Amino acid sequence: MSRRKTERLLSLVVCLLSTRRYLTAEQIRQAVAGYPDQSEAFKRMFERDKEELRELGIPLETGSLSQDGDDIGYRVQRQAYELPELRLEPDEAAVLGLAARVWQHAELAGAAAGALLKLRAAGIDTDERDSGASARQGIEPRVATTEPAFGPLWEAVRDRRPVTFAYRAAGRSGPQARELEPWGVVNRHGRWYVAGRDRGRDAVRVFRLSRIEGAVRFSGPPGSMTVPAGTDVREVVRTWDSAPPQENTAVLRVRPGAGYGLRRYATSPPVPAPDGWETISVPFSETGWFADHVASFGADVVVAEPPDLRDAVIRRLKGVLT
Amino acid sequence: MSERPGRAGAPGRGGAPRGGAPRGGAPRGGAPGRGAATSAERLQRLLALVPYVVSRKAAGLAETAAAFGLSERELVDDLNLLWCVELRDPDPYCPIDLSYEGGEIVVSQAESIARPLRLAVDEASALLVALRMLADVPGLEDRSALSRLIAKLEAAAGEAAAPSTQVAVQVDKPTGDAAIERIRDALARRRRVHLRYYVPGRDEATERDVDPMRLLVVDGRAYLEGWCRRAEGVRLFRLDRILGLEVLGVAAAVPEDAQPRDVDRGLFRPSADDVHVTLEVSPGGRWVAEYYPCESAEELADGWLRIRLRTPDTAWVRRLALRLGEDGRVIAPDDLRTRVRDDATAALAAYASG
């Protein structure tokens, strides 16, 4: 950290905010201490400083000072810079503290902390201690972003940039290259997904972040893609992820005191059989997935109907022995 | 540091040299690595520090240092830096005037930086996404506070709030909303509950009395954390696995030393008694590495994966192995491999006879 640089940047911000008219680079050099006299060195330093201010979100404006537009000047408008007046009721401030803790160690944790700092600077007292809001609510919400792809994908969504990445779809032995216009990132059942238009397939696709291999790269500049109007990314992911309708019914023989993972979904009470076992009926959608599930109960559950499900379970079990 | 024009003495009063010894009590040890803050990060902090004090008229050094996560020495250094800002227009003047005499900071002149900077897109999004997720959390009482706050933040953030709608965390709606209501009720009245709880790893419906501690929502899944009287320990119960719940007429008695889980270190933590399991899965079984917390996953030929994990109870691994069929194999430990084969043999025998 360079103290002199911080002083210079701070002076620059104050200088740009204090002026109503545009200031030329030369006027800024005169007003702000710490810039070199040599003009090339000054230009380079001033360019870097402007970039730093923009990265912090300071709305640096550029305008021309004369009719012919030869002279470029700079300023920051107070109205664009300042956080508007904001007052929170105590219960709102308590919820704010709860929200700021959601990301804790996740990707947006730094951003949440930055937001909180600004809100505190606006005079809001948030309750961040564990004893506060959460104890009253009895609720501790957390979201993790362990997938490395989250950061770059959020940036891409935010800045409307297309991306490329290698993706290994379920059941595939190797990854495939994809190019995506990302519309949004959604966490569903604790997993992160990105939805958007797959350029290679020219269709809407949803990808699970944990199946993205290696780096996510931008394949276009900011603003080079658009999200179709009215897109609800939650809905896109929900539709993609929702279970197909359960059109089939399995008749299962279940050992007493076992098979709770299936009994939960039985459509009617169990029917006792002479040998002490019970028979239940369970709706299902897809034979392959349901066969896997039934197989996991081992000798406690036996499929009576339908035959294709029964065969699929037997195949699964034989597969264990190969 | 240049000498400030037109101003006598340092803001700390008593002629203390600028950037000199901290005032008002011993400095707290600065956190390691904080010195590594970049100029941009420090600038951000300074731009928040001035309005922080201005909006409160005055602020104590200790309290302000705590709010910014700084030692008092670091805070005083920040204040001195602010006080030293000087502009030439063309005559030199000092836009910021402040003092921290007697441990109380007062900003008497802050000109253009008396208000905080607007929220950046990332900042607005971090809060708004979290708040909208909270709105989905079943049983949260302060729903009205939540919607009022969301509206206020959206208004304050302006354009910066827009991208936040492109990130969403959906909270699973447990099947029994009634269970949530009853848990909230039990928490509020500090009552013991009776649970009928499904343990998928062992395919059991268990009955137990639990003294509720809190409701956790981690990655969109809701859990009841409580003192399980059957296990005599703190346990987590996934709400979607609660088969039945009854609030008892008995006061909850959570032992004094019951430790709630530190949710920021992960819900599930390894223990010394864990069994080390090695599995190999085909491309069709790679999902295992995503669903279960694994110690390692190593790529093998043809898209197969060698997964190492540790678990206190191998019952669920046996069931997983049956589910995987030819898409997976248990490599270690030996006795687990044998038991999985026995399980499959017994199940096939049941089909042969029935």
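The structure under discussion appears in the preceding block.
Residues numbered from 1 in each chain as written. Chains lettered and ligands numbered in written order. Predicted model: local features only at pLDDT ≥ 70, side-chain atom pairs only at ≥ 80, totals over all residues.

Undergrad: With reference to specific residues and values, describe the overall build of chain A.
TA: In terms of regular secondary structure, chain A is built from 12 helices and 13 strands. A compact globule built from 322 residues would reach a C-alpha radius of gyration of about 20 Å, whereas chain A, at 30 Å, exceeds it by more than 25%. Its C-alpha atoms give chain A principal-axis dimensions of about 100 × 50 × 35 Å. The buried share among the 322 residues of chain A stands at 40%. Long-range contacts, defined as pairs at least 24 residues apart, comprise 56% of the intrachain contacts of chain A with a sequence gap of at least 6. (Helix = DSSP H or I, 4+ residues; strand = E, 2+ residues; numbered from the N terminus. Rg over C-alpha atoms; globule rule 2.2 N^0.38 Å. Buried ≥ 20, exposed ≤ 12 C-beta atoms within 10 Å, placed from the backbone. Contact = placed C-beta atoms within 7 Å.)

Undergrad: Any details on the overall build of chain B? Residues and values, ideally.
TA: In terms of regular secondary structure, chain B is built from nine helices and 15 strands. With 354 residues in all, chain B has 39% of them scored as buried. A separation of at least 24 residues holds for 63% of the contacts in chain B among residues at least 6 apart in sequence.

Undergrad: Can you tell me about helix H8 (residues 315-324) of chain B, naming the residues and giving the values?
TA: For H8 of chain B, the tally of buried residues reaches eight of 10 residues, placing the bulk of the element in the interior. Here H8 of chain B has its buried residues at Val317, Arg318, Arg319, Leu320, Ala321, Leu322, Arg323 and Leu324 of chain B.

Undergrad: Give a description of the nonpolar core that names residues and reports values.
TA: One finds Val13, Ala99, Ala112 and Leu153 of chain A together with Val50, Leu127 and Ala130 of chain B to be the most contacted residues of the largest nonpolar core, which totals 136 residues. Of the residues forming this core, the biggest block, 10 residues, is contributed by helix H4 (residues 121-136) of chain B. When residues no more than four places from it in sequence are discounted, the contact partners of valine 50 of chain B are Leu82, Ile96, Val107, Ala110, Ile113 and Ala114 of chain B. By size, the runner-up hydrophobic cluster in this structure holds 38 residues, among which are Ala250 of chain A together with Leu309, Leu320 and Leu324 of chain B. (Core = buried A, V, L, I, M, F, W, Y, C linked by C-beta atoms within 7 Å.)

Undergrad: Report on the sheet that holds strand S1 (residues 23-24) of chain A, specifying residues and quantitative values.
TA: Residues and elements named next belong to chain A. Taken together, the three strands give an open sheet; going across it, the order is S1-S3-S2, and neighbouring strands pair in antiparallel fashion. Strand pairing shows two members of the sheet lacking a second neighbour, S1 and strand S2 (60-64), which therefore form its edges. Both S1 and strand S3 (residues 72-76) contribute to a ladder of two bridges, which runs antiparallel. By the bridge assignment for S3, threonine 24 is matched with glycine 73. (Pairing = 2+ DSSP bridges.)

Undergrad: Just give me the short version of the interface of chain A and chain B, but keep the residues and values in it.
TA: If you look at the interface, chain A gives 104 residues, while chain B gives 104 residues. In terms of residue class, the side of chain A that touches chain B is built from 52 nonpolar, 27 polar and 25 charged. Bridging between strand S4 (residues 139-142) of chain A and strand S8 (residues 204-218) of chain B involves four bridges; their strand directions are parallel. Bridged to proline 141 of chain A within S8 of chain B is valine 217 of chain B. (Nonpolar A, V, L, I, M, F, W, Y, C, P; charged D, E, K, R; others polar.)

Undergrad: Could you give an account of the sheet that holds strand S10 (residues 248-254) of chain A, with specific residues and numbers?
TA: All names here are of chain A. Spatially, four strands are ordered S11-S12-S10-S13 in an open sheet, and the strand pairing comes out antiparallel. If you trace the sheet from one side to the other, it starts and ends with strand S11 (271-272) and strand S13 (301-305), each paired once. Summarising the sheet, S11 and strand S12 (residues 278-284) pair through two bridges and their orientation is antiparallel. If you follow valine 271 over to S12, its bridge partner there is threonine 279.

Undergrad: Lay out the packing of helix H1 (residues 3-18) of chain A against helix H1 (residues 39-55) of chain B with the relevant residues and their values.
TA: At their nearest, the axes of H1 of chain A and H1 of chain B sit 9 Å apart, and the two run at 50 degrees to each other. Relative to H1 of chain B, the element H1 of chain A lies oblique. By crossing handedness, the relation of H1 of chain A to H1 of chain B is classed as right-handed. Residue-level contacts link Lys5, Thr6, Leu9, Leu10 and Val13 of chain A of H1 of chain A to Ser39, Arg42, Leu43, Leu46 and Leu47 of chain B of H1 of chain B. Taken together, the residues of the contact of H1 of chain A with H1 of chain B sort by class into six nonpolar, two polar and two charged. (Axes fitted to C-alpha atoms, helices over the stretch in contact; angles between N-to-C directions. Parallel < 35°, antiparallel > 145°, perpendicular 65-115°, else oblique. Left-handed = near helix turned anticlockwise from the far one by under 90°.)

Undergrad: Tell me about the environment of valine 14 of chain A, and name the residues and values.
TA: Along the chain, the position of valine 14 of chain A falls in helix H1. Through-space distance from the C-alpha of valine 14 of chain A to that of valine 32 of chain A is 9.4 Å; in sequence the pair is 18 residues apart. Excluding its chain neighbours within four sequence positions, the residues that come into contact with valine 14 of chain A are Val85, Leu87, Pro95, Glu111, Ser112 and Ile113 of chain B.

Undergrad: How would you summarise the packing of helix H12 (residues 307-321) of chain A against helix H9 (residues 334-353) of chain B if you had to cite specific residues and measurements?
TA: Packing of H12 of chain A against H9 of chain B brings their axes to within 9 Å, and their N-to-C directions diverge by 145 degrees. The handedness of the crossing between H12 of chain A and H9 of chain B is left-handed. Residue-level contacts link Ile314, Leu317, Lys318, Val320 and Leu321 of chain A of H12 of chain A to Val340, Arg341, Ala344, Ala347, Leu348 and Tyr351 of chain B of H9 of chain B. Looking at the contact of H12 of chain A with H9 of chain B residue by residue, the classes come out as nine nonpolar, no polar and two charged.

Undergrad: Any chance you could break down helix H5 (residues 143-157) of chain B for me, citing the residues and the numbers?
TA: Think of an α-helix as 3.6 residues a turn; residues three or four steps apart then line up on the same face. Its 15 residues give H5 of chain B an end-to-end C-alpha distance of 21 Å, which sits within 8% of 21 Å, the value for a rise of 1.5 Å per residue. Among all positions of H5 of chain B, only Ala145, Leu146, Leu149, Ile150, Leu153 and Ala157 of chain B are buried. In a view along the axis of H5 of chain B, the buried residues occupy a sector of 130 degrees, so they form one face of it. Across H5 of chain B from its buried face, at more than 90 degrees, point the exposed residues Ser144, Ala151 and Ala155 of chain B. Of the surrounding elements, those touching the buried residues of H5 of chain B are helix H5 (90-101) of chain A together with H4 of chain B. (Expected span 1.5 Å × (residues − 1). Arc of directions from axis to C-beta.)

Undergrad: Can you explain unusual backbone geometry? Please cite residues and give values.
TA: Glutamate 305 of chain A connects to proline 306 of chain A through a cis peptide bond whose omega is -15 degrees. As for its position among the elements, proline 306 of chain A is in the loop between S13 and H12. Unusually for a residue other than glycine, arginine 190 of chain B sits at a positive phi of about 55 degrees. Residue position: arginine 190 of chain B is located in the loop between helix H6 (177-189) and strand S7 (191-199).

Interpretation in functional terms is not warranted from these geometric data alone.
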